[in-house]
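Read off the chains here:
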Amino acid sequence: MLKFIDFKKPSFWYALASILFNPTFWNIVARQEYHNRLLTKLAGGNPRRGCYGLALTIFSLGIFRDYLYSQALSEQPVLPLLQTGMVKLVAAGLFLWGNIFVLSSMYALGVTGTYLGDYFGILMSHRVTGFPFNVSNNPMYQGSTMVFMASALWYGTPAGILLTAIVYLTYNVALRFEEPFTAMIYSKRKQ
Ligand SMILES: *[C@@H]1O[C@H](CO)[C@@H](O)[C@H](O)[C@H]1NC(C)=O
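Residues numbered from 1 in each chain as written. Predicted model: local features only at pLDDT ≥ 70, side-chain atom pairs only at ≥ 80, totals over all residues. Heavy atoms only, no water.

Colleague: Just give me the short version of the UniProt feature "binding site: S-adenosyl-L-methionine" (unreviewed entry) in the protein chain, but keep the residues and values in it.
Modeller: UniProt tags Leu 96, Trp 97, Gly 98, Glu 178 and Glu 179 as "binding site: S-adenosyl-L-methionine" (unreviewed entry). With the annotated positions falling across 84 residues, the maximum pairwise C-alpha distance of 26.6 Å shows that they are not confined to a single cluster. When you line up the elements, Leu 96 lands in helix α4 (residues 85-114). With relative accessibility at 53%, the residue Leu 96 sits in the exposed group. (UniProt positions renumbered as here; feature names shortened; annotations may be inferred. Helix = DSSP H or I, 4+ residues; strand = E, 2+ residues; numbered from the N terminus. Buried < 20%, exposed > 50% of the residue type's maximum accessible area, 1.4 Å probe, protein only.)

Written out as structure tokens, the structure reads:
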């Protein structure tokens with residue numbers, strides 16, 4: 001029988017754990033910062049330095065997650081059905097668009113805007129409405145999901161498609177925590 005996904009490979013579970021861990025980690029830590037100024041205290045009372053520390057940590061965890069994901073895919077069965085030029089083309093397009101979304105939103109928001117600066121009290125002076133925010137509400141998450149899907153399709157692994165679906169769900173759950181919280185932070189400023 002053709003095996004689509006090999007659940008016996010530990011690398012699959014490491015990738016899954018890291019996908020679930022990252023947004024959980026940054027939400028817990030950012031809320032600690034908001035309520036107790038934990039990272040600002042660790043950074044010697046400098047919120048900007050605290051935010052850069054968190055940015056570096058989240059960025060590194062992201063690189064590590066990407067590494068675990070590619071390790072997992074390299075050990076998974078490949079579906080011949082997915083090994084066509086058309087699928088590779090779609091994968092390349094998703095890779096390109098995903099990276100354009102991620103990099104352009106980082107550029108538009110800056111480091112503190114990208115990495116939860118609002119939890120540190122570093123608020124944006126105005127809402128960013130230019131590209132990519134005029135085509136997507138959450139270009140960072142959507143872009144990241146597209147890049148995950150791109151790898152899954154490029155290597156033709158159903159396991160990658162499943163992990164990408166979990167990335168998608170994880171980001172959507174994260175947004176349910178992040179969006180109201182960020183709105184609350186900004187509404188307090190207006191008062
Ligand atoms: C979004 O902004 C970019 C750059 O300013 C522009 O080229 C593009 O047409 C805009 N897209 C939409 C859907 O408004």
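Here the narrative resumes, following the displayed structure.
Colleague: Pulling in residues and values, what's your account of helix α6 (residues 158-190)?
Modeller: Helical periodicity: at 3.6 residues per turn, an α-helix aligns residues three or four positions apart in one direction. Look at α6: 48 Å from first C-alpha to last across 33 residues, which is about the 48 Å you get at 1.5 Å a residue. At Leu 175, α6 shows its strongest bend, of approximately 30 degrees. (Expected span 1.5 Å × (residues − 1). Bend = angle between axes of the 7 residues up to and from the residue.)

Colleague: I'd like a rundown of the side chain of Thr 145, residues and numbers included.
Modeller: With respect to the secondary-structure elements, Thr 145 resides in helix α5 (residues 139-155). The exposure class assigned to Thr 145 is buried, which follows from its relative accessible area of 12%. A polar contact of 2.7 Å, which involves the side chain of Thr 145, links it to the backbone oxygen of Tyr 141. (Polar contact = N/O pair within 3.5 Å; in protein donor to acceptor, adjacent residues only side chain to side chain.)

Colleague: How would you summarise the packing of helix α3 (residues 47-74) against α5 if you had to cite specific residues and measurements?
Modeller: For the pair α3 and α5, interaxial distance at closest approach is 11 Å and the crossing angle is 20 degrees. By the angle class used here, α3 and α5 are roughly parallel. When the axes of α3 and α5 are compared, the crossing they make is right-handed. Where α3 approaches α5, its residues Arg 65, Asp 66, Tyr 69 and Leu 73 are matched on the opposing element by Ser 144, Phe 148, Ser 151, Ala 152 and Tyr 155. Looking at side-chain class alone, the contact of α3 with α5 contains five nonpolar, two polar and two charged residues. (Axes fitted to C-alpha atoms, helices over the stretch in contact; angles between N-to-C directions. Parallel < 35°, antiparallel > 145°, perpendicular 65-115°, else oblique. Left-handed = near helix turned anticlockwise from the far one by under 90°. Contact = heavy atoms within 4.5 Å. Nonpolar A, V, L, I, M, F, W, Y, C, P; charged D, E, K, R; others polar.)

Colleague: Lay out unusual backbone geometry in plain terms, naming residues and giving numbers.
Modeller: The peptide bond linking Phe 131 to Pro 132 adopts the cis configuration, its omega dihedral lying at 0 degrees. Its place among the elements puts Pro 132 in the loop between α4 and α5. You will see that Arg 37, though not glycine, has its phi angle at about 55 degrees, which is positive. Mapped onto the elements of the fold, Arg 37 is located in the loop between α1 (10-36) and α2 (38-42). Its relative accessible area of 30% is what places Arg 37 among the partly exposed residues. Despite not being glycine, Leu 116 has its phi angle at roughly 60 degrees, a positive value. For Leu 116, a relative accessible area of 11% gives the class buried.

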